[in-house]
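Descriptive structure summary
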Amino acid sequence: MGYTGTILFTMRWLVQAIASRKAGRPTIPILFWYMSILGSLFLLTYFIFGKNDGPGIVSNAFPLLMACYNLFLELTHHKHPPTVGGPGETPIEVT
């Protein structure tokens, strides 16, 4: 369980590097967030039930929360397209 979580958590950076290379700019694909969540869950399981290690639990709980939050933002981002415009101006939809 611990090695699986570590591999998932580490390989997400390879996924991010490949996606950035394809895009020609820094980007974070949605798979990155799924791998972060799964890796954190596996590592949390390992640290809670296997090692019973407080620092390991704490060091994986916060990244799990952040990955869940970022995945939520990613999934809801497509419902509200980004706009440009200041206060009092008519927003212009960016495509």
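Let us look at the structure shown here. (Residues numbered from 1 in each chain as written. Predicted model: local features only at pLDDT ≥ 70, side-chain atom pairs only at ≥ 80, totals over all residues. Heavy atoms only, no water.)

Digging into the side chain of Ser36
Just so we agree on the cut-off: Labels follow the DSSP assignment, with helices taken as runs of H or I lasting at least four residues and strands as runs of E lasting at least two, numbered in each case from the N terminus. Here a polar contact is taken to be a pair of N or O atoms separated by no more than 3.5 Å, where protein atoms must pair a possible hydrogen donor with a possible acceptor and residues adjacent in sequence count only if both atoms sit in side chains. By definition, residues are in contact when any of their heavy atoms lie within 4.5 Å.
Inspection of the secondary structure puts Ser36 in helix 2 (residues 30-51). Polar side-chain contacts of Ser36 include one of 2.9 Å to the backbone oxygen of Phe32. Those residues within four positions of Ser36 in sequence are excluded, and the remaining contacts are Phe9, Arg12 and Ala67.

Regarding helix 1 (residues 2-23)
Counted only if it meets this: Here the expected span of a helix is defined as 1.5 Å times the quantity of residues minus one. The cut-offs for exposure are 20% and 50% of the maximum accessible area for each residue type, with area from a 1.4 Å probe on protein chains only; residues under the lower value are buried, those over the upper are exposed, and the others partly exposed.
Compared with the 32 Å implied by 1.5 Å per residue over 22 residues, the 32 Å span of helix 1 between its first and last C-alpha is a close match. The complete set of buried residues in helix 1 reads Gly2, Gly5, Leu8, Phe9, Arg12, Gln16, Ala19 and Ser20. On its buried face, helix 1 is in contact with helix 2 and helix 3 (54-77). A positive phi of about 75° marks Gly24, the residue just after helix 1.

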